Every structure is written in structure tokens, then in C-alpha cells.
Amino acid sequence: METVAGTVTHDPPPGAGGRQRGPLIVTEDTELLDDLLRLCAAAGATPEVHHGVPERRGSWEAAPLVLVGDDAARRVRGAVRRRGVVLVGRDQDDSGVWRRAVEIGAEHVLMLPDGEQWLVDRIADVAEGVGRPALTVGVIGGRGGAGASTLACALAVTSAREGLRTLLVDADPLGGGLDVLLGGETAEGLRWPAFASSRGRVGGGALEESLPELHALRVLSWDRGDRIAVPPQAVRAVLAAARRRGGTVVVDLPRRIDDGVAEVLTQLDVGVLVVPAELRAVAAAGRVASAVGMVLRDLRVAVRGPYPPGLDDREVARLLGLPLVGEVPAEPGLSRPDEATAPPGAAPRGPLARFCKEFWERALVEAGTA
């Protein structure tokens, strides 16, 4: 759907993390002001309103977003040029709006009502202080019982221990619940079914605060109810909100690819295929890799031992034609999950935690966030 009437230049840079002040609105058009105030309310932002360039020093320059009504373009013509200025009007047939946009240094020209959803998203971004999106990693088993959920939990626990904002997402409704694996099945907070009706934009901060917090990370898991699917549009909205918060997002993926999983795959930066070192497992993993690779470009393989004669992690990667992450080490105490007292990767000096820490160090450097 076309939401923006046109673009003069490129988007403004993302803001710093944390909640910021609301946008600055400059207009004397009461009807336009009512519309802009309504959109700010929908985005959860409280704006500052003026009829012209604010007299208070720095107010114009410091606002994270400036919404200039077309009626006020002449009054702000002499203001300091800055990024993040949007010229807002209603007359779709007014060709002079482009000239006025250039005169005030506007980066976008937006016409209401067509551009309302775009504008709500932009206002919500500055209200949330959106910065660099989260590095999002999906973990999927090459066959059943490969240990993908264990690795996903360990990656999330390690990320949180390193001080990164971390969200662990359980995308497998038949997996039993990652909150159980983390020992938090009774923890207060929302699970996937609560988001089944989500559409459009979900607030990143509200999402984070609504989820159970376990081991210094947030977890979006399944409950023990009957629902085993969430509409793709809800998956898209929730994961997009999680990514806007920054840090890392780890997703535990099922081996079947339905519409909801396909939505997750489109938002992943890296996929990790966990494969036991068995010829049959490698054959099964090849089929999974083929399906996942249709959507996800960066898919890598992590291999679990022990190894039979003639097979090692490099050979498994070669057979699958995928880059090798490394060998996932065994973690003492995790072989009997019913007796485990700590989640995977909880021991900082354990082999699994060291593996995960090295993974994040490489991935964050590659993503340019380290």
C-alpha cells in the first residue's frame, strides 16, 4: 500500500536507544493539528506544538522528528537545516508542495489520509528511540532431537550474560515450550496466543515488558493451551517489534516451514542448522537446508558429535554445502534435562557457553555492531 506521497532524500538516521521526546509539530491548521495529535496518540508519543519555529533555543534542532504543516512552510523557511523534517499536507494535486519541501529542507512529503500508517510508524520509532535493529539468529534442527532448542537457549543465555538486550522466541508450538527448558513455565507474562490478533505495528517496549523475564532475558514461548498456530501477520508484527529494540533475538525454529515460519525466516540475519554427525542426519538436514535456503540466504551448520569413522564437522559442512560454525560441545549435566538445575549455557566457563560466546563475538563483528 502506498503510504508516502513522495521522498525528497533519504531517511534520517536512527535515534539512540531508550525512550525519547516526542515530535515537534508546526502548524496553525486546526484540522491538520487534530489529525497529527491523533496520530501521535496512536503512536504513544506526546508532541510539542508551535505555530512557527520555536523561540526556545535548540527546540527545533533537538526534536527527533519535525512535522511541518503545509500552511506553515513559509514560516519555517529560514530555520536551521536539519534531518527528520516531514512536510504534511492534504492536497494531492498541489504540485507546489515539492518546491516548498525543498525550500525548508524536508526529507519527506506526506499527504493525509493516505500516509497515516507510515507516519504513525515513524512517530512510534522516535518515541521508542529506535536504533540499530537486533541481530536476529534462527536455530533449526537438521533432524528431530538434534539439540536446536538447547543451542537456542544457550545462545540467548550467553547473549544476556554479555549484557545485550536479549529476546528468545519459541517458534515451535509443538516443542513443549522454551520457558520449560529455562525453568520458567510458571513465570508471569504473555505467551504466543496472546498475540494472535496482532496486526500492523506492535510497540517494542510494550512487547518486551509483557513477556516473562528469565535469566536476564525475555522469552516469548507457547503456553500449555490448545492453540498451535499464530497468523503470519501477527508473527510479522511481533518479530518486527522485537527487532526494533536492538540487541539480539534468538529464534528456535521447527523443521516444518509453514507461513508463520516463513515470516520468521524473512527477518533472520543468520540461520544455524544443528546436525548430529550421522549420515542419516546429514541426509535429513539436506532437505531442511533446501527448504530454509529458499528464504534465508545466510544459513550455516553447527555439528554435534560423536563422530563415526570418516566423518567430522568439516565433512558434514562439505556434504551440506554450508559454512561451518563449528562443533557444538556436549554440556555436562544437560544429558538428563529432568535433573538439570540450570538452563543450557548457564555455566560461564562451560564448553557450551564458550562456544556461544565465540559465536556472538564473530556474528557481532560481521554485523558491524561489535
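Our structure is the block above this text.
Described in the following lines is the structure provided in the data block.

Rules used in this analysis
Residues numbered from 1 in each chain as written. Predicted model: local features only at pLDDT ≥ 70, side-chain atom pairs only at ≥ 80, totals over all residues. Heavy atoms only, no water. Axes fitted to C-alpha atoms, helices over the stretch in contact; angles between N-to-C directions. Helix = DSSP H or I, 4+ residues; strand = E, 2+ residues; numbered from the N terminus. Parallel < 35°, antiparallel > 145°, perpendicular 65-115°, else oblique. Left-handed = near helix turned anticlockwise from the far one by under 90°. Contact = heavy atoms within 4.5 Å. Pairing = 2+ DSSP bridges. Buried < 20%, exposed > 50% of the residue type's maximum accessible area, 1.4 Å probe, protein only. Core = buried A, V, L, I, M, F, W, Y, C linked by side-chain atoms within 4.5 Å.

1. Things to note about the packing of helix 8 (residues 232–244) against helix 9 (residues 259–266)
- Axis separation between helix 8 and helix 9 bottoms out at 8 Å; the angle between their running directions is 25°. Compared by their axis directions, helix 8 and helix 9 come out roughly parallel. Between helix 8 and helix 9 lies a crossing whose hand is right-handed. Residues P232, V235, R236 and L239 of helix 8 pack against D259, G260, E263 and V264 of helix 9.

2. Some points on the sheet that holds strand 13 (residues 299–304)
- As summarised here, the arrangement of the 8 strands in space is 9-10-8-11-7-12-13-14, forming an open sheet in which the pairing is mixed. Sheet topology places strand 9 (213–214) and strand 14 (324–328) at the edges, where each strand pairs with a single neighbour.
- Relative to strand 10 (residues 217–220), strand 9 is paired through 2 bridges, and the arrangement is antiparallel. Among the inter-strand pairings, L214 is bridged to a residue of strand 10, identified as L217.
- Lying on the sheet, helix 5 (residues 148–161) is in contact with strand 7 (135–141), strand 8 (166–170), strand 10, strand 11 (248–253), strand 12 (270–276), strand 13 and strand 14; it crosses strand 11 at an angle near 170°.
- Contacts from helix 12 (residues 351–367) reach strand 7, strand 11, strand 12, strand 13 and strand 14, with the element oriented near 170° to strand 14.

3. Comments concerning the pairing of strand 7
- Within strand 7, 7 of the 7 residues are buried, leaving the element largely enclosed by the surrounding structure.
- Here strand 7 runs beside strand 11; their pairing, made up of 6 bridges, is parallel. When the sheet's bridge partners are listed, V139 is paired in strand 11 with D252.
- Strand direction decides the pairing type here: strand 7 and strand 12, joined by 5 bridges, are parallel. Of the residues in strand 12, the one forming a bridge with V139 is V272.

4. Observations concerning unusual backbone geometry
- Omega for the bond connecting L112 with P113 falls within 30 degrees of zero, at 5°, which places this linkage in the cis form.
- The amide bond that connects G305 to the next residue, P306, takes the cis arrangement and shows omega of 0°.
- In this structure, P306 sits in the loop between strand 13 and helix 11 (313–320).
- With a phi angle near 55°, H215 is a residue other than glycine that sits in the positive phi range.
- Relative to the elements of secondary structure, H215 occurs in the loop between strand 9 and strand 10.
- We classify H215 as partly exposed; its relative accessible area is 40%.

5. Some details on the nonpolar core
- V251, L253, L273, V275 and L320 are the most contacted members of the largest nonpolar core, which totals 45 residues.
- Looking at this core, the elements with two or more residues in it are strand 8, helix 8, strand 11, helix 9, strand 12, helix 10 (279–293), strand 13 and helix 11.
- When residues in this core are grouped by element, the largest group, 7 residues, is from helix 8.
- Residues within four places of V275 in sequence aside, it is in contact with G142, A281, V282, A285, V301, A302, V303, R304, V316 and L320.
- L178, L217, V250 and F355 belong to the second largest nonpolar core, which has 33 residues in total.

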